[in-house]
Amino acid sequence: MQYIMTFVWSFVLVTMLNYVVSSINDVPFDFALGAIVSVVLSILVFIVSAILPTESTPDYDA
């Protein structure tokens, strides 16, 4: 479920950003480009979450 929601939020946010930027730059909106970029962003998020450690850091007394 977590992977699906990551993709859904990535898709929604990247598509929205694609629409706003294309409107500001006065270029045609390309839905396919937003979908491709959202898939790439989702994969990058999965890779970063796999690389980062999940355990907390120990507390040190200075």
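Being a predicted model, the structure only gives us computed values, none of them experimental. (Residues numbered from 1 in each chain as written. Predicted model: local features only at pLDDT ≥ 70, side-chain atom pairs only at ≥ 80, totals over all residues. Heavy atoms only, no water.)

1. Some points on the overall build of the chain
Helices and strands together make up the secondary structure of the chain, namely 2 helices and 0 strands. Viewed in the frame of its principal axes, the chain has a C-alpha envelope of about 55 × 30 × 15 Å. The buried share of the chain, taken over its 62 residues, is 13%. A total of about 5,400 Å² of accessible surface is found on the chain, and carbon and sulfur atoms cover 73% of it. (Helix = DSSP H or I, 4+ residues; strand = E, 2+ residues; numbered from the N terminus. Buried < 20%, exposed > 50% of the residue type's maximum accessible area, 1.4 Å probe, protein only. Areas by Shrake-Rupley, 256 points an atom, 1.4 Å probe, with all protein chains shown as cover.)

2. A word on helix α2 (residues 31-51)
The α-helix winds at 3.6 residues per turn, so residues separated by three or four positions along the chain end up facing the same way. The end-to-end C-alpha distance of α2 is 31 Å, a good match for the 30 Å that 21 residues give at a rise of 1.5 Å each. Here α2 has its buried residues at G34, S38 and S42. One side of α2 holds all its buried residues, which, seen down the axis, span an arc of 80°. Opposite the buried face of α2, by more than 90 degrees, sit the exposed residues I36, A50 and I51. (Expected span 1.5 Å × (residues − 1). Arc of directions from axis to C-beta.)

3. Digging into the environment of L13
Tracing the backbone through its elements, the reader meets L13 in helix α1 (residues 2-24). Residue class for L13 comes out partly exposed when judged on its relative accessible area of 45%. Residues L13 and S23, 10 residues apart in the sequence, show an inter-C-alpha distance of 15 Å.

4. With respect to the environment of L41
Examined against the element boundaries, L41 turns out to sit in helix α2. Put simply, L41 and F11 are 30 residues apart on the chain and 8.8 Å apart in space, counted from C-alpha to C-alpha. Non-local contacts of L41, meaning those with residues more than four positions away in its chain, are made with S10 and V14. (Contact = heavy atoms within 4.5 Å.)

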